[in-house]
Every structure is written in structure tokens, then in C-alpha cells.
Amino acid sequence: MATPPSSAQDTLKRAVAAAAVNELKHLLDSRTVIGVGSGSTVNFFIEQLAEIRHDFDGAVASSEETAARLKAHNIPVYDLNGVGTVPFYIDGADEINERFEMIKGGGAALTREKIVAACAQRFICIADQSKRVSVLGGYPLPIEVIPLARSYVAREMVKLGADPMYRDGVVTDNGNQIIDMYNFMIEDPLTMEERINNITGVVTNGLFARRGADVLLLGTPEGVQRIER
């Protein structure tokens, strides 16, 4: 049976994944441990990273799913506690603005993604052009919460103007729950990130403003644009 053609969006994702591998391959050595995010664009990155798996030591994964994919491609996976810092972290975004602040967490891996990003010297975001926005919030903002605090956090977010919706049936790798904030445009992501994180019961939220990306590889029909902050 013939393989169906990739969608236009998948073509852009593959292109930025290839650009990320090309960006890295001259900077790696046998001791390098790379931070790897999660999501559909990152899945394409992992496939292409496997082609140069002998050029670096291994990776730190931001989710159990990513860890499994890396291992399936014979890429060693290390615990971040034993690595400390990583020179590069490669991940996608659900939205990214001109200041390289992002909304992430559509796949419910936001907390681990944020931890690995915090430990990275350089954050390379790979995204197709549909993720570039002027104001964050068109994509619902995810918040990871302690289960006992779910209703309380939702009520507090209503006070901030959001429409919370429990992501039913989703349990994070950390054993917590996700609430998604709809109709919640965010003019000041840095302030809002801190404000939400100060609500009791919040583990973290999907705003990546305090630690945004350093480089954006943006897939467009005209080719991959490399934009550095």
C-alpha cells in the first residue's frame, strides 16, 4: 500500500526538524547531552537526530513519551539530575510571539519541558509558521495542578478573566491534572506567568516567558527562517 502524502504542515515540521539537526551537528561531541522536548514537531526532530546519534552522548527527555522515542532510536536517555545542565534544548511551541515568549503544554508535558529549558544554555524552538502570533492566548493556556486544587485554581483563574476547562482523562507524567484556559489573551506573559504560578496548587503553567527561546527555526513555504533573539 502506498504511503499517503504528508500534509503541508508536516512538510514544514520536517523542514524545521532538519534545520535543527543541521544547526547542532557541527556543535556536538562525544560528551554532549541534548535536551529534547515533546510534541509532533519534536517527533520529526528525533527521527532525524537518530541519523547522527553517534556524534553525541545522549539526551535528556522532557516526557516519558519522548524518552521512549529516543530509546527506540538507540539514543541513550539520561536523568537530568545526573547531567545538571545541557548545552542545547530543542522543543516546539503551541504559540510563540515576537519576543520568543511561548505557550506550551498541549501535550501535557509543560512542567518537565520547563525544567529542562531552565537547565539549558541555549533553547532552540522549532515551529511552523502557524505558531507565530502577535499576542499569546489564541491557543488555550494549560496549567498543571495538584488534583486536590483543581477547582480552586479554576475559580482563581476565572477572576483573572479566563474560561477554565478541565482536560478530562489526562494525567501528567508527574501524576497531576491539566486545566486549559480559554478566551484568555495575554498581553504581559512574564507577569502573568509569575501570577499564575503563585496560585496555591499550581505546579506550573504553560507560559514560557521567564525562560523563552533563544533561537527560532520557523518553517514557511519559502523555507526555514532562522531568527535569533
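Quick summary incoming for the structure in this document. (Residues numbered from 1 in each chain as written. Predicted model: local features only at pLDDT ≥ 70, side-chain atom pairs only at ≥ 80, totals over all residues. Heavy atoms only, no water.)

**Some words on the pattern of salt bridges**
Inference 1: By the definition in use, this model includes 16 salt bridges.
Inference 2: Here Lys104 and Glu113 are joined by a salt bridge, their closest N and O atoms 3.3 Å apart.
Inference 3: For Glu113, a relative accessible area of 3% gives the class buried.
Inference 4: Ionic pairing is found between Glu156 and Lys159, a salt bridge with its closest N-O pair at 2.9 Å. (Salt bridge = Lys/Arg side-chain N within 4 Å of Asp/Glu carboxyl O. Buried < 20%, exposed > 50% of the residue type's maximum accessible area, 1.4 Å probe, protein only.)

**Some details on a nonpolar patch on the surface**
Inference 1: Side chains of Ile146, Leu148 and Val203 sit close together on the surface and give an oily, nonpolar patch of about 300 Å² of accessible area.
Inference 2: Note that Leu148 resides in the loop between strand E7 (141–145) and helix H6 (150–159).
Inference 3: Taking the relative accessible area as the measure of exposure, Leu148 reaches 84% and is therefore exposed. (Patch = residues over 30% accessible without salt bridge, like charges linked within 9 Å, V, L, I, M, F, W, Y side chains within 5 Å. Areas by Shrake-Rupley, 256 points an atom, 1.4 Å probe, with all protein chains shown as cover. Helix = DSSP H or I, 4+ residues; strand = E, 2+ residues; numbered from the N terminus.)

**Some points on the sheet that holds strand E6 (residues 123–128)**
Inference 1: The six strands lie next to each other as E2-E1-E3-E6-E12-E13, forming an open sheet whose pairing is mixed. Among the strands making up the open sheet, the edge pair consists of strand E2 (58–61) and strand E13 (223–228). On average, each strand axis in the sheet is tilted by 20 degrees relative to the strand beside it, whichever way the strands run.
Inference 2: Looking at chain direction, strand E3 (residues 89–91) and E6 are connected through three bridges and run parallel. Counted as the bridge partner of Tyr89 is Phe123 from E6. (Pairing = 2+ DSSP bridges. Axes fitted to C-alpha atoms, helices over the stretch in contact; angles between N-to-C directions.)

**A closer look at the pairing of E6**
Inference 1: Within E6, six of the six residues are buried, leaving the element largely enclosed by the surrounding structure.
Inference 2: What you see with E6 is no split at all: Phe123, Cys125 and Ala127 on one side and Ile124, Ile126 and Asp128 on the other are buried throughout.
Inference 3: Alignment of E6 against strand E12 (residues 215–220), held across five bridges, turns out to be parallel. The partner of Ala127 across the bridge, within E12, is Leu218.

**Here's the deal with the packing of helix H1 (residues 8–25) against helix H2 (residues 40–49)**
Inference 1: The contact between H1 and H2 brings their axes to 8 Å, and the two run at 50 degrees. With respect to their mutual orientation, H1 and H2 come out oblique. Here H1 and H2 pass one another in a crossing that is right-handed. Contacts from Asp10, Lys13, Arg14, Val16, Ala17, Ala18, Ala20, Val21 and Leu24 in H1 reach Ser40, Thr41, Phe44, Phe45, Glu47, Gln48 and Leu49 in H2.
Inference 2: For the contact of H1 with H2, a count of residues per class yields nine nonpolar, three polar and four charged. (Parallel < 35°, antiparallel > 145°, perpendicular 65-115°, else oblique. Left-handed = near helix turned anticlockwise from the far one by under 90°. Contact = heavy atoms within 4.5 Å. Nonpolar A, V, L, I, M, F, W, Y, C, P; charged D, E, K, R; others polar.)

Interpretation note: all reported values are geometric properties and have no functional meaning in isolation.
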